[in-house]
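Read off the chains here:
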Amino acid sequence: MSIFQFTSSPSLPALVDAIEKASSAPGVRSLMILAADGNDYDGEALDAVLSRVELPLIGGIFPQIVADSNAHEQGAVVVGLPQALDTRVINGLSDGDADFEERIDEACADLEGSATMILLVDGLARRIAALVDAVYAVFGATTNFLGGGAGSLSFQQKPCLLTNAGRVMDAAIIGMLDGASALAVGHGWQTIDPDHRITLVSGNVIREIDDRNAFAVYREIVDQHSAMAIDADNFFEIAQAFPFGINKLGGEMVVRDPIAVTEDGALVCVGELSEGDFVNILTADANQLVWAAGETAARAVQLTKNTQPEVALLFDCISRALFMKTHFHAEVDAIEAVVGADVPVCGALVLGEIANSGTGYLEFYNKTTVVSLL
Amino acid sequence: MSPTQAVGEHLQDEIRIRILYELSMAIGNSLDRRKLLSESLKVILRKLDGLTAGVFGYGDPDPLFLTPRRGLDEAVRSCLSHVLSTGRSLVDTPAELYDSHSLDDGRRHCYVFHLPDSGWLVLTRHMPLDDQTLRALAPICEKLATSLRSCAANQELIEKERNLAQTLTALCEAQSARDQFLANMSHEIRTPLNGIMGFLDLFEQTRLTAEQRDYLGTIRHSSSSLLGIINDILDFSKNDAGMLQLEQAPLTLHDTLSAVVRLFARQAEAQGTRLYLTIDPRLPRRVLGDALRLKQIVSNLISNAVKFTENGTVEVRLDLLDQQSDRCALEISVRDTGIGMTQEMIDRIGQPFAQADSSTTRRYGGSGLGLAICKQLVSMMGGELEIDSQPGRGTTMGFRWQTRIAEETVAVDSSHGSPTAPKPLPSGIRHVLVVEDNPVNQKLMKAVLSKMGLEQTLAANGAEAVAAFENQDYRAPFDVILMDISMPVMDGLEATRRIRMLELESSGRARTPVIALTANALNGDRERFLAEGMDEMLTKPLDLRALNDTISRIVPNQANDPTEE
């Protein structure tokens, strides 16, 4: 029996079947469940299913899942992991007053550090960046972090994280995996217009760029490169191709995805920026992104030091897949080609990716591919 | 170098400059050290793609701040041991890279930067930093060090402010304790003094020899002086505690001032000093004000002038400065040709417990409170006590204030008959219940009431009074109750409430007037006592005439009470 189970069926019995098969595979000590939002499972029935799972589990309901060389709007992936898994839930992820370091300390007092942490968050919670900073402050530099934001593309917040106790929402699940992982992060976006300074920002809403109205500046640049002039109505569609990039010394830029423009011309992004940050306007075509995904997978493979991974776990951005449309399967193909036919590639298309790039500080990314080999 | 390499390096330079700019913008935005370091180190890690960042003080192996908290492993500790044991000897080293180490066979790199006068910044990374970046980080370290020094200075200020606040609280508590002590002591001293004064009144009415009358005069004078001082202390502490308020009742300025001046006429004459009063003829006859406090102020000013003037003159003036419809501006001044004061002495006037010169206490006596109280009272009237003096030439003290002109009404005094002839008590009053815990006052009340021809029953506290009221003999009921307020077991207010309840329960019983007696009346007390069911309030020391008048006024009113059958 394989540790990797995929069902394209949206039915709960299909999920139960996948869970049972993955659980009974030899050497499996814990489970990861990645389900598509399009399944529209009955919540209470799903809770009952999860509470019956005897192995420790971590999972989520995501906009789409990745399996079988492509993205799926329905179905589920269940991965039986040969490593022990210890999970903790951090609640109140939108709580404006929460000191997440304190909450993590309380919840994880008896949790040993390990080489790999799977960090899944409710992607529609309001304080993901604060949680990510707190997780790094507590668990630090010797852990590989990977994960992302669960939730629905309807942008309606609902229970989307899966635990042995059932579904939870507005929370984060910290899953300590007792085993090494090889991790790489990449995106392939290229600068087309550099050096714009964020001069007024509140959290994830950019109000001014270069001391001017943010949308006015953004529109001037995008209109030079886009076939269609950008306005409030077509903003989401056009802006998908023109994200912001924040520089990091010696590392890949951190991508920030503008998803909406407000009436007063502020740009709403997925993830926070800081006043004083220099941002570049980026773009890419599908080929560049596909190439970058393959290159990212190659870096991960290099880190395995010739040990054979059981599975390639992919957290890829949903907006990247929406941008690539039918080309997205090529991205999965590129990764599969690099990791090899023996290693199943599965994962989720998420609302923001979480990883520490394999080399440094933990980040919340947009439009980025996180490949980990477990 | 190939063109491609050159372009690549140029790009890296540009990125480096932007990142350093971002770092410099992000550092130093808080005066709280923990917040500063938390925010700054997070940005340093993010922008420089670091693994661990920490700040250490000189000679301290424990970091001031470290992120991530588990980032200080043995390898890092070991390469920091030299720096961290160095202490402050390197305090003047510039902000720059001080030390660097390659760890884990080159898989990690540890950099130690000096933060002048603050300590060390430690940064670990997977990838090494190039020399250019390391040099470029020096200004960032300088800014972080400056920010840390600002935090320390701010912390020092906060601690100083906290200490000052604590000192202020302690001072206020001490002040409050002192005021309470003064008020308590004044009360405690006044109680026996009231006994002395009361018995002196009675004693004076007995048959005395000329010598005895002379001695008695001296005792009376001394007692009055002592009572004056005690009253001053009480006034001062009341005012300090914000419990003193001025009345706004019609008063006749001419009469008020004349009475005060007359008080000092004999003393001035004995010192060969001419004391006279000059009143502006344009003055309105009656104004609104607090006659008692006005007398107190003027009395203090004249007392001082007379005290420090021998064979000279003391002129008391009351001038009208301005008059508009129902308001007028007035000035009172007391000018003497006495010993005068230096500016230093003047500056000390008005400070409680301080006299212009300590030698004056020895020579002229006085508590030093009188003028302090005057200053407070004048200030409450909206004026300012002004002093003009020259040593050897004399002193002028005075103040200006504004007040409203009182409407002329029919004189009310006439209804009370001649001030010197107490109204005779109504014939129906025979029996008084005296509620008083102090044995001296009990004795005094007994003597006073006997002299008025009244029978009395004594209760030593409120509970005894209620019992006596309940068990009174209806053939000789209490016609009036003199009720002390502050007593052990049960106070006068509670006793009055219970007596009123008993009267309500026994519908056929007439209401018995209750007169409150208190040695320490505050503004609003009378209204409070009346609201509790009492009928009038008298202050101790008990004035025979006031007692007589009050009983005469209250009891007939009660007799006409329609509730009385």
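Computed from a prediction, not measured in an experiment: that's the story for all the values here. (Residues numbered from 1 in each chain as written. Chains lettered and ligands numbered in written order. Predicted model: local features only at pLDDT ≥ 70, side-chain atom pairs only at ≥ 80, totals over all residues.)

**Structural notes on the overall build of chain A**
Now for step 1: Helices and strands together make up the secondary structure of chain A, namely nine helices and 25 strands.
Now for step 2: A total of 374 residues make up chain A; the buried ones form 56% of that total.
Now for step 3: Once local pairs closer than 6 in sequence are excluded, the contacts in chain A between residues at least 24 apart make up 80%. (Helix = DSSP H or I, 4+ residues; strand = E, 2+ residues; numbered from the N terminus. Buried ≥ 20, exposed ≤ 12 C-beta atoms within 10 Å, placed from the backbone. Contact = placed C-beta atoms within 7 Å.)

**Focus on the overall build of chain B**
Now for step 1: Per the secondary structure count, chain B includes 16 helices and 17 strands.
Now for step 2: Long-range contacts, defined here as pairs at least 24 residues apart, represent 68% of the contacts in chain B between residues at least 6 apart.

**Focus: the sheet that holds strand 6 (residues 76-81) of chain A**
All names here are of chain A.
Now for step 1: The six strands are arranged 1-6-2-3-10-11 in an open sheet whose pairing can be described as mixed. Looking at the sheet topology across the chains shown, the edges are occupied by strand 1 (4-7) and strand 11 (166-168). On average, each strand axis in the sheet is tilted by 20 degrees relative to the strand beside it, whichever way the strands run.
Now for step 2: Looking at chain direction, strand 3 (residues 57-62) and strand 10 (residues 161-163) are connected through two bridges and run antiparallel. Of the residues in strand 10, the one forming a bridge with Gly60 is Leu161.
Now for step 3: Helix-sheet contacts for helix 1 (residues 12-24) involve strand 1, strand 2 (30-36) and strand 6, and the interaxial angle to strand 6 is about 15 degrees.
Now for step 4: Where helix 2 (residues 43-52) meets the sheet, its contacts fall on strand 3, strand 10 and strand 11, and the angle it forms with strand 11 comes to roughly 120 degrees. (Pairing = 2+ DSSP bridges. Axes fitted to C-alpha atoms, helices over the stretch in contact; angles between N-to-C directions.)

**Overview of the interface of chain B and chain A**
Now for step 1: Across the contact, 25 residues belong to chain B and 21 residues belong to chain A.
Now for step 2: Elements supplying a minimum of two residues to the side of chain B that touches chain A: helix 1 (3-26) and helix 2 (33-48) of chain B.
Now for step 3: At seven residues, the largest contribution of residues to the side of chain B that touches chain A is made by helix 1 of chain B.
Now for step 4: Its residues assigned to classes, the side of chain B that touches chain A comprises nine nonpolar, six polar and 10 charged. (Nonpolar A, V, L, I, M, F, W, Y, C, P; charged D, E, K, R; others polar.)

**A few points about helix 7 (residues 253-270) of chain B**
Residue and element names in this part refer to chain B.
Now for step 1: Helix length check: helix 7, at 18 residues, gives a terminal C-alpha distance of 27 Å against a target of 26 Å (1.5 Å per residue), a fit within 8%.
Now for step 2: Buried residues along helix 7 sit in contact with strand 6 (249-252), strand 7 (274-279), strand 8 (286-289), helix 8 (291-307) and strand 9 (313-324).
Now for step 3: Positive backbone phi, at 75 degrees, marks Gly272, one or two positions downstream of helix 7. (Expected span 1.5 Å × (residues − 1).)

**Considerations on the environment of Ala293 of chain A**
All names here are of chain A.
Now for step 1: Within the fold, Ala293 resides in helix 7 (residues 286-303).
Now for step 2: It is 9.7 Å that separates the C-alpha atoms of Ala293 and Val338, two residues lying 45 residues apart in sequence.
Now for step 3: Not counting residues within four places of it along the chain, the set of residues in contact with Ala293 comprises Glu331, Ala334, Ile335 and Thr369.

**Considering the packing of helix 8 of chain B against helix 11 (residues 370-380) of chain B**
All names here are of chain B.
Now for step 1: Helix 11 packs onto helix 8 with a crossing angle of 140 degrees between their chain directions and a minimal axis gap of 10 Å. Between helix 8 and helix 11, the angle is such that the two are oblique. Handedness of the crossing formed by helix 8 with helix 11: left-handed. In this structure, helix 8 contributes Arg293, Gln296, Ile297, Asn300, Leu301, Ser303 and Asn304 to the contact, and helix 11 contributes Gly370, Leu371, Cys374, Leu377 and Val378.
Now for step 2: Tallied by class, the residues present in the contact of helix 8 with helix 11 amount to six nonpolar, five polar and one charged. (Parallel < 35°, antiparallel > 145°, perpendicular 65-115°, else oblique. Left-handed = near helix turned anticlockwise from the far one by under 90°.)

**Quick word on unusual backbone geometry**
Residue and element names in this part refer to chain B.
Now for step 1: In this model, Thr67 is joined to Pro68 through a cis peptide bond whose omega is -5 degrees.
Now for step 2: Along the chain, Pro68 falls in the loop between strand 2 (63-67) and helix 3 (74-84).
Now for step 3: The phi torsion at Asn311 lies on the positive side, around 50 degrees, for a residue other than glycine.
Now for step 4: Within the secondary structure layout, Asn311 lies in the loop between helix 8 and strand 9.
Now for step 5: Under the C-beta neighbour-count criterion, Asn311 is labelled exposed, with 10 such atoms within 10 Å.

**Thoughts on the confidence of the model for chain A**
Now for step 1: For chain A, per-residue confidence averages 92 on the pLDDT scale, and residues scoring 70 or more make up 99% of the total.
Now for step 2: Predicted confidence in chain A is weakest over strand 19 (residues 267-270) of chain A, with a mean pLDDT of 90, and strongest over strand 10 of chain A, with 98. (pLDDT = per-residue confidence, 0-100.)

**Some points on the environment of Gln456 of chain B**
Residue and element names in this part refer to chain B.
Now for step 1: Within the secondary structure, Gln456 is located in strand 14 (residues 455-459).
Now for step 2: What makes Gln456 partly exposed here is the crowd of 18 C-beta atoms within 10 Å.
Now for step 3: Taking the C-alpha atoms as reference, Gln456 lies 4.7 Å from Val432; in sequence the two are 24 residues apart.

**Overview of the pairing of strand 20 (residues 278-283) of chain A**
Residues and elements named next belong to chain A.
Now for step 1: In terms of burial, strand 20 is largely enclosed, as five of its six residues are buried.
Now for step 2: Where strand 14 (residues 190-202) and strand 20 come together, five bridges link them in antiparallel fashion. Of the residues in strand 20, the one forming a bridge with Asp193 is Ile281.

**A look at the sheet that holds strand 21 (residues 312-317) of chain A**
Residue and element names in this part refer to chain A.
Now for step 1: Read from one edge to the other, the open sheet built from six strands follows the order 5-4-22-21-25-13, with strand pairing classed as mixed. Of all the strands in the sheet, just strand 5 (70-72) and strand 13 (182-186) have a single pairing partner and so form its edges. Between one strand axis and the next, the sheet turns through 20 degrees on average, direction left out of account.
Now for step 2: When strand 13 meets strand 25 (residues 369-373), the two strands line up antiparallel, connected through five bridges. Along strand 25, the bridge assignment pairs Leu183 with Ser372.

**Some details on the pairing of strand 15 (residues 480-484) of chain B**
Residue and element names in this part refer to chain B.
Now for step 1: The buried count for strand 15 comes to five of five residues, which makes it a mostly enclosed element.
Now for step 2: With burial as the criterion, each face of strand 15 is covered, one bearing Val480, Leu482 and Asp484 and the other bearing Ile481 and Met483.
Now for step 3: Bridge analysis of strand 15 against strand 16 (residues 514-518) gives four bridges, and the strand direction is parallel. Within strand 16, the residue paired with Ile481 across the bridge is Val514.

**Comments concerning the confidence of the model for chain B**
Residue and element names in this part refer to chain B.
Now for step 1: Predicted confidence across chain B gives a mean pLDDT of 82, with 86% of residues reaching 70 or more.
Now for step 2: In the predicted structure, residues 410-421 sits below a pLDDT of 50 and forms two contacts with residues beyond four places in sequence or in another chain.
Now for step 3: With pLDDT under 50 throughout, residues 557-565 is counted as low confidence; its partners more than four residues away or in other chains account for 10 contacts.
Now for step 4: Overall fold confidence for the complex sits at a pTM of 0.62, while the interface term, ipTM, reaches 0.87.

**Points about the packing of helix 1 of chain A against helix 2 of chain A**
Residues and elements named next belong to chain A.
Now for step 1: At their nearest, the axes of helix 1 and helix 2 sit 11 Å apart, and the two run at 10 degrees to each other. Accordingly, the angle class assigned to the pair helix 1 and helix 2 is roughly parallel. Viewed along their axes, helix 1 and helix 2 form a crossing whose handedness is right-handed. On helix 2, the residues that touch Leu12, Leu15 and Val16 of helix 1 are Ala45, Leu46 and Val49.
Now for step 2: Partitioned by chemical class, the residues of the contact of helix 1 with helix 2 number six nonpolar, no polar and no charged.

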